[in-house]
Every structure is written in C-alpha cells, then in structure tokens.
Amino acid sequence: METIRDAAFVHALITFAVVIFAVGIGVLLLYANFQKNLLQQQLREVTLNTVHQRELLRGNIEAQEEERKRIAQDLHDELGAVLSIIRMNLAIMERRVGDARLPAVADVGNLRHLSEVALKNMRNISHRLMPPQLEAFGLVEALRAITDQVAITGNISITLSGDIPQQRIPNVVALSVYRIVMELINNTLKHAGATSACICFDLSDESLTCRYMDNGKGISGAQDNHRGIGQKSIDTRIHALRGTFEIDKAAPGYDARIWIPLAII
Amino acid sequence: MAGKNNMPLLHLYVLLGFPCLSRFYRSVLEGQIRSRIIRYVTAVFLVFTVVNSLFVQQIFRFNSYALVLESMLIILLSLYTFAFLLNNTASGIPIPDKSSISWINSGLFIYHVSCLLIFYFGDTILFCFPLALSRFTWAFHALFSIVMNSCFLVGLWKRSGMLHLSMH
C-alpha cells in the first residue's frame, strides 16, 4: 500500500517536473523569439542609419563638386576675363610707347609677363577644380588630357584603355572616378618612382570597374596602416557610391581595383 | 564504489560548483548588478551550505536545502541575464558571444527549474522510497542534466573566441 502511494507520489513529482520542463522550454522559445525580433530591429536600424549616412555623404560630395564647379566657372569667366583685359591693355601700352630701351616699357613688359603667368595659373586652378573635358568629352578623354600632360614630362608613360560612352555613367560616378584616378596618379608621381602605369576601364550594364596599376614601389605594410588624406578621400567617395576599392598586395608595384555599381545610382 | 554512500561528493560539488556559476554570472552581468552583491550572495550561500553539511543535512545525507537554494539563486540570475540580453545595454556584446551566453544560461535555467522539485524531495526519494522509484526519479534528473550539458556544448561551440571571464 505504501509502495503504491510512493509510486503515485513519484509519478506526480515527475509529471510536475516534466510540465515545468516544458514550461521552461516555452519560456526559452519565447525568449529566443524576442531576441530574434530585437536583432532584426537592430539590423533594420543599422541599415537605415548606414543608408542615411551614405545619402548624407553623397549629398556632401555633390555639394562640394557643385561648389568647385561654381568657383572654377567664376575664376575662368570673371577673373580670367579681367586678367585677359589687363594683359591686352599692357600689350597695347607696350606697343604704343614703342622704345624697348625705356625703363617704363621694361616695367610694362614685366607686368604683362606677370599677368600672363597669373592667367595661366588661374586657368590651371580652374581646370583642376573642374576639368572642362569631363563634361564635354567624358571620363576617359578627361583622363587622357591628364595622361598626355604627364607624358610630356618624359618620366612616366601612362596607358589608358577601355571605352566609356559619356551617357552610360552618371555624372557623379564620372566625377568621383576621375578624382580617385587623379589621386592615384598623384600618388604614383609623388611616391612610387614608377616608369609606367596603366588605367583600364571595363563597363558593363551593372557596374564600372577600373584597374589602376604601376610598376613602382607598391605599398608597404606601414604605409597601408597609415591612411593619408588622399586615401581617406578615396574611401569616402567609394563608400558614398557603394563601391569597393581593393589593393592586390601580392602584385608587384601598385595594383588597385575600383568597382562601382551603376544599378543603384 | 558500488554500495558505498558517495553523498560527500555531492556536498563538495555544490560547494565548488556555485562559486564557479556565480563567477560566470558576475562576468556576464558586469555593470548590470554590482559584483559585490553577487560576491556577498555567494559567501552567504557557502556559509549556508557548509553549516548545512556539518549540522543539518550531514555529508552522508542528500543536501536538498543547499541544492534548492542554489537552484533558486541560479534561476533568479538566469532570468536577470535573459532580461539583460534583451535589453539594449547588451547591444555592445558581439552576436556570437550573446548567442553563446544565451545557450549556457538557457541550459542552467532549464536544468534548475526542472530539478527544483526533485532536489526538494531528493532526500526523501533517496532514503525513504524503494530503489526502483528512486532510480526512476534520478533518471529524469539525468535527462535534464543531459539537456543542460548539451546547451553548454552548443554555447561553447558558438562562442566567438573573444569571450573571456573577467578575473575581478
């Protein structure tokens, strides 16, 4: 009789323990569900935040480029015109006086020369701020104008390959890639000690790929860790366009690959 | 060991096991509960279990009081940990570590919740009930223990490698 009572007790105890176990499992499942929802919510917030930041960054870059364009135009149209008039008047004054031996004529000649230098510098600054070839002829031609200028120095030859029809890529992409490639060319000229470089473009419906290579010193580990303003500017532009920038450290020299998606622009 | 009363090992296990678990919770809940509180609770529990083992449920008996108290404390700590993990303040913990802590905490919660009653009646079941019934009950305990240890295994598997227990 006692054994039956004991068995009933143990049976009740085990049943109760199993019920509590089941409830416990239920609590855990509920917790897992809460945690999953929380995680999804956090992910959504992070994604929204990233998108918002990227939009801000792009807006910032576009505003910067607009401002550059305005300054370049103002420089070219207003200051350039004034300097041209000064130069023309000085040339006329020089011709009127005629006698080159007079000190005043020499001074006018000097002034004319200085105004020509100022005009040339102003034009260079204006072109650096907003290359006129970029809007008129597209990315490849704008870069070709630069590589041709670099080739004149005779220290380095830069090969440019690939064709990008002007209408195929948005202005913001063309301008960003132009600035990035300019930064890379600048790095090659300043630090790499290279004798040749190559810029290859590959355009598809979905993306624009640009590969930049030179036969210089390449990038060392220390340089890689120390990211200068130029590299930060490249990163910012790439991030704003949702692209990628990869450097092949195993390659001899410098070998970078820029990839920009075109679908979401 | 057959036929020998090995209850002293259980007393020792409780005495050494709880400080380890309290250290785990101290490091998980760092910044949430003052570590001093968990230390005091651990000290009080140790005094209680020593007094219980020496004077109340001596070392050859089943220490149900100490086990029940341990289970209740672990249940409280694990519930607090669940609340903490659902809180935004835990968002700084990497996801693999969070998952790992969740699994370990779940194992402890489910084991202690399920075994609370078995522990409470453990002394009676062991020494007053027929052996078959006692074995039947402890088989269920073993099942819950397997569940807990499986959760530990998954938790350790999922950890990021960066997870470490703080020493303070």
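Residues numbered from 1 in each chain as written. Chains lettered and ligands numbered in written order. Predicted model: local features only at pLDDT ≥ 70, side-chain atom pairs only at ≥ 80, totals over all residues.

Could you give an account of the overall build of chain A, with specific residues and numbers?
Of regular secondary structure, chain A possesses 7 helices and 5 strands. Order of helices (α) and strands (β) in chain A, N terminus to C terminus: α-α-α-α-β-α-β-β-α-α-β-β. Looking at chain A as a whole, 20% of its 265 residues are labelled buried. Counting contacts in chain A only where the partners sit at least 6 residues apart, residues at least 24 apart contribute 67% of the total. (Helix = DSSP H or I, 4+ residues; strand = E, 2+ residues; numbered from the N terminus. Buried ≥ 20, exposed ≤ 12 C-beta atoms within 10 Å, placed from the backbone. Contact = placed C-beta atoms within 7 Å.)

Can you tell me about the interface of chain A and chain B, naming the residues and giving the values?
Tallying the contact residues gives 18 residues for chain A and 20 residues for chain B. For the side of chain A that touches chain B, the per-class residue count stands at 13 nonpolar, 4 polar and 1 charged. (Nonpolar A, V, L, I, M, F, W, Y, C, P; charged D, E, K, R; others polar.)

Now, about the UniProt feature "transmembrane region" (unreviewed entry) in chain A: what can you tell me, with residues and values included?
Using the residue numbers shown here, the UniProt feature "transmembrane region" (unreviewed entry) corresponds to residues 12-34 of chain A. Between the C-alpha atoms that bound residues 12-34 of chain A there is a distance of 33 Å. The span itself is 100% helix and 0% strand. (UniProt positions renumbered as here; feature names shortened; annotations may be inferred.)

So what's going on with helix H4 (residues 139-153) of chain A? Which residues, and what values?
Here H4(A) spans 22 Å end to end across 15 residues, near enough to the 21 Å set by a 1.5 Å rise per residue. A positive backbone phi angle near 80° is found at Gly154(A), which sits one or two residues after H4(A). (Expected span 1.5 Å × (residues − 1).)

I'd like a rundown of the sheet that holds strand E1 (residues 157-161) of chain A, residues and numbers included.
All names here are of chain A. Judged by pairing direction, the sheet is mixed, and its 5 strands sit side by side in the order E1-E2-E3-E5-E4 without closing on themselves. Only two strands of the sheet have a single partner each, and these edge strands are E1 and strand E4 (244-247). Adjacent strand axes in the sheet meet at a mean angle of 10° when their direction is disregarded. Of the pairings in the sheet, the one linking strand E3 (residues 207-214) to strand E5 (residues 254-261) comprises 8 bridges and is antiparallel in character. Within E5, the position partnered with Arg-211 by the bridge is Arg-257. The sheet strands contacting helix H5 (residues 171-192) are E1, strand E2 (196-203), E3 and E5, and the helix crosses E3 at an angle near 10°. (Pairing = 2+ DSSP bridges. Axes fitted to C-alpha atoms, helices over the stretch in contact; angles between N-to-C directions.)

Tell me about the nonpolar core, residues and numbers included.
Formed by 34 residues in total, the largest nonpolar core has its most connected members in Leu139(A), Val177(A), Val181(A) and Cys210(A). Broken down by secondary-structure element, the contributors of at least two residues to this core are H4, H5, E2, E3, helix H7 (229-240) and E5 of chain A. If one sorts the elements of this core by residue count, H5(A) sits on top with 8 residues. With residues up to four places along the chain from it excluded, the contact list for Val177(A) reads Leu139(A), Leu208(A), Cys210(A), Ile258(A) and Ile260(A). Within the second largest apolar cluster, 25 residues are counted, among which are Trp103(B), Leu108(B), Phe144(B) and Met148(B). (Core = buried A, V, L, I, M, F, W, Y, C linked by C-beta atoms within 7 Å.)

I'd like to hear about the environment of Gly193(A), residue by residue, with values.
All names here are of chain A. Mapped onto the elements of the fold, Gly-193 is located in the loop between H5 and E2. Through-space distance from the C-alpha of Gly-193 to that of Lys-217 is 6.6 Å; in sequence the pair is 24 residues apart. In this structure Gly-193 touches Gly-216 and Lys-217, once residues within four positions along its chain are discounted.

With reference to specific residues and values, describe the packing of helix H3 (residues 64-86) of chain B against helix H4 (residues 95-120) of chain B.
All names here are of chain B. At a minimum axis separation of 8 Å, H3 and H4 run at an interaxial angle of 150°. Where H3 crosses over H4, the handedness of that crossing is left-handed. Taken together, the residues of H4 that come into contact with H3 (itself represented by Ser-64, Leu-67, Val-68, Ser-71, Ile-74, Ile-75, Ser-78, Thr-81, Phe-82 and Leu-85) are Lys-98, Ile-101, Ser-102, Asn-105, Leu-108, Phe-109, His-112, Val-113, Cys-115, Leu-116, Phe-119 and Tyr-120. The residue inventory of the contact of H3 with H4, partitioned by class, reads 14 nonpolar, 7 polar and 1 charged. (Left-handed = near helix turned anticlockwise from the far one by under 90°.)

Can you explain the pairing of E5(A)? Please cite residues and give values.
Residue and element names in this part refer to chain A. Going residue by residue along E5, you find Tyr-254, Ala-256, Ile-258 and Ile-260 tucked away on one face and Asp-255, Arg-257, Trp-259 and Pro-261 left uncovered on the opposite face. Summarising the sheet, E4 and E5 pair through 4 bridges and their orientation is antiparallel. Among the inter-strand pairings, Thr-244 is bridged to a residue of E5, identified as Trp-259. Where E4 folds back onto E5 in an antiparallel hairpin, the turn is made up of 6 residues, including Gly-253, whose phi is positive at roughly 75°.

Can you explain the UniProt feature "transmembrane region" (unreviewed entry) in chain B? Please cite residues and give values.
Residue and element names in this part refer to chain B. UniProt feature "transmembrane region" (unreviewed entry): in the numbering of this structure it lies at residues 6-25, 37-60, 66-87, 108-132 and 138-157. In residues 37-60, the share of helix is 83% and the share of strand is 0%. The end C-alpha atoms are 32 Å apart. Annotation note: span residues 138-157, helix share 100%, strand share 0%, distance between end C-alpha atoms 28 Å.

Requested: an account of the pairing of E3(A), with residues and values cited.
Residue and element names in this part refer to chain A. Pairing of E2 with E3 involves 7 bridges; the strand directions are antiparallel. Bridging across to E3, Asp-202 finds its partner in Thr-209. Remark: 3 residues form the turn of the hairpin made by E2 and E3, two consecutive strands paired antiparallel.

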